[in-house]
Amino acid sequence: MAPIVGVDVETGRTTRRWVDELEPRLPGFSVAPAAELDPGGVEIAVVGNPPGETLHRYPNLRFVQSTWAGVDALVADPPGVPIARMVSPALTEAMTEFVLMAVLMLHRGAPEYRRRQSARDWEPSLAPPATGRKVGVLGFGSLGAPAARALAGMGFDVLAWARRERGGSIPVVAGNEGLARVLAHAEILVNLLPLTADTVRILDAAAFDRMPAGAALVNVARGGHVVEDDLVAALDAGDLSDAILDVFVHEPLPPSSPLWGHPRVTAFPHVAALSDPARLADAAADNIRRFVRNESPVGLI
Ligand code: OXD
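Residues numbered from 1 in each chain as written. Predicted model: local features only at pLDDT ≥ 70, side-chain atom pairs only at ≥ 80, totals over all residues. Heavy atoms only, no water.

Trainee: Can you explain the packing of aromatic side chains? Please cite residues and give values.
Mentor: Applying the stated criterion to the full structure yields two aromatic pairs. An angle of 10° between the planes, with centres 4.7 Å apart, marks the rings of F63 and F291 as stacked. Taken as a pair, F63 in strand β4 (residues 63–66) and F291 in helix α10 (residues 277–292) lie far apart in primary sequence, 228 residues in all. Like F291, F63 is buried. (Phe/Tyr/Trp six-rings, centres within 6.5 Å; stacked < 30°, edge-to-face > 60°. Helix = DSSP H or I, 4+ residues; strand = E, 2+ residues; numbered from the N terminus. Buried < 20%, exposed > 50% of the residue type's maximum accessible area, 1.4 Å probe, protein only.)

Structure (structure tokens):
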């Protein structure tokens, strides 16, 4: 019997695009929007990062492939079967590109020049070379490590924080002491951590206090890492100069959020590494075939 793959990714349109990309890559499988299938028939689910409880409706589920890099919502109430997050060169390239853009914007003062432009203020400032700019990277996994390497490749002085220390061309430190070191180092801090019980609200007033005066934050991981009120307070007080945020505690960012209109916040609508079915379907299909062959899928949680 052909294994049945039920796809349910965010909207009906996105789901249809995933089905169209997966079908030709999975001959011998039956691939359809989950909404058109009998829930009892769904053996493999392809989803974004919905609350895990939404998968409890499939009693015969055997495997979940996420189209997202981070699966914090899925694993909060997991369906009790293997879950793989999306690991793909396309996603990594997109994230690396966004991180480079954000760090270069901060390094060269783009948000400050935008403010000066609003005031019609022609005031050039010298920027240090990249080698004179200290960047901290939180997270050194499939997204954090390539971003850190790309930054180091441009000459930035990068110090990273991860679960365990590593030698190598980029120093990676660990533990609370390591975190304190990275925060103290970071004139620009890039957050690429997974959201877990250990990392939720890790970027709070105490963390911002440890950063150099006037430092800046790039958050491309999850809104839940940041205590947003503390961030606004640090920006208002001038302790932090700027924040480039792609993720928020509540998404879409509510119209009432002070982050929308804050002069020191550049907000993006969670677009750093969007999951394009045409570019990610190979990785998803490979993983599904691996699972069926009893091989370990890539990105298994
Ligand atoms: C994510 C993604 O995990 O967009 O945020 O893939």
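Trainee: Outline the pattern of salt bridges, listing residues and values.
Mentor: Tallied over the entire structure, the rule returns 15 salt bridges. One salt bridge connects R25 with E21, and the closest N-O pair in it is separated by 2.9 Å. Taken together, the positions of R25 and E21, both in helix α1 (residues 12–25) and four residues apart, correspond to about one turn of that helix. In this structure R25 comes out as partly exposed when scored by relative accessible area, which is 22%. Salt bridges here are not isolated pairs; linked through shared partners, they connect E112, R115, R116 and D242. (Salt bridge = Lys/Arg side-chain N within 4 Å of Asp/Glu carboxyl O.)

Trainee: Can you break down the nonpolar core residue by residue, with the values?
Mentor: Counting 52 residues, the largest nonpolar core has V7, W18, L22, V99, V135, V190 and V220 as its most contacted members. For this core, the element with the most residues is helix α3 (residues 89–107), which contributes eight residues. Apart from residues no more than four positions distant in its own chain, V99 is found in contact with A147, L151, V190, L192 and V220. Within the second largest apolar cluster, 29 residues are counted, among which are A207, F208, M211 and A234. (Core = buried A, V, L, I, M, F, W, Y, C linked by side-chain atoms within 4.5 Å. Contact = heavy atoms within 4.5 Å.)

Trainee: Help me get a handle on the site of the ligand, residues and values and all.
Mentor: In the region of the ligand, the neighbouring residues are W68, A69, G70, R222, H270 and A273. Interatomic distance of 2.7 Å between a side-chain N/O atom of R222 and an oxygen atom of the ligand. At 2.7 Å from an oxygen atom of the ligand is found a side-chain nitrogen or oxygen belonging to H270. Protein contacts shield 88% of the accessible area of the ligand, which totals 210 Å² for the unbound molecule. Grouping the amino acids of the shell around the ligand by side-chain chemistry returns three nonpolar, two polar and one charged. (Near = heavy atom within 4 Å. Polar contact = N/O pair within 3.5 Å; in protein donor to acceptor, adjacent residues only side chain to side chain. Areas by Shrake-Rupley, 256 points an atom, 1.4 Å probe, with all protein chains shown as cover. Nonpolar A, V, L, I, M, F, W, Y, C, P; charged D, E, K, R; others polar.)

Trainee: Outline α3, listing residues and values.
Mentor: One turn of the α-helix equals 3.6 residues, which is why residues spaced by three or four share an orientation. Compared with the 27 Å implied by 1.5 Å per residue over 19 residues, the 26 Å span of α3 between its first and last C-alpha is a close match. Those residues of α3 that fall on the buried side of the exposure criterion are A90, L91, T92, A94, M95, T96, F98, V99, A102, V103, L106 and H107. Two or three places before A90, at the opening of α3, S88 has a side-chain oxygen 3.0 Å from that residue's backbone nitrogen. Residue G109 follows α3 closely and has a positive phi angle near 80°. (Expected span 1.5 Å × (residues − 1).)

Trainee: So what about a positive patch on the surface? Which residues, and what values?
Mentor: Side chains of R149, R163, R164 and R166 sit close together on the surface and give a patch of like positive charge. Among the secondary structure elements, R164 is positioned in the loop between β7 (157–161) and β8 (172–173). With relative accessibility at 53%, the residue R164 sits in the exposed group. (Patch = residues over 30% accessible without salt bridge, like charges linked within 9 Å, V, L, I, M, F, W, Y side chains within 5 Å. Lys, Arg positive; Asp, Glu negative; His and termini not counted. Charge placed at Lys NZ, Arg CZ, Asp CG, Glu CD.)

Trainee: Tell me about the sheet that holds strand β2 (residues 30–33), residues and numbers included.
Mentor: Read across the sheet, five strands follow the order β2-β1-β3-β4-β5 without closing on themselves; strand pairing throughout is parallel. The sheet is open, and its two borders are formed by β2 and β5 (83–84), each paired with just one other strand. Across four bridges, the pairing between strand β1 (residues 4–8) and β2 is parallel. For V7, the partnering residue across the bridge sits in β2 and is P33. Contacting β1, β3 (44–47), β4 and β5, α10 runs over the sheet at an angle of about 165° to β4. (Pairing = 2+ DSSP bridges. Axes fitted to C-alpha atoms, helices over the stretch in contact; angles between N-to-C directions.)

Trainee: Before we move on, could you go through helix α5 (residues 144–153) and cite the residues and values that matter?
Mentor: Residues of α5 that are buried: G144, A145, A147, A148, A150 and L151. Structurally, α5 contributes buried residues whose contacts are with α3, β6 (134–138) and β7. Of the residues flanking the end of α5, it is G155, one or two places downstream, whose phi is positive at about 110°.

Trainee: Lay out the sheet that holds β8 in plain terms, naming residues and giving numbers.
Mentor: Overall, parallel pairing links the seven strands, which are arranged β8-β7-β6-β9-β10-β11-β12 in an open sheet. The sheet is open, and its two borders are formed by β8 and β12 (265–267), each paired with just one other strand. Judged from the four bridges that link them, β6 and strand β9 (residues 188–191) form a sheet pairing that is parallel. Within β9, the residue paired with G136 across the bridge is L189. Across the sheet, α5 touches β6 and β7, and the angle it forms with β6 is around 170°. Here helix α8 (residues 228–236) sits on the sheet in contact with β10 (215–219), β11 (240–245) and β12, set at roughly 140° to β11.

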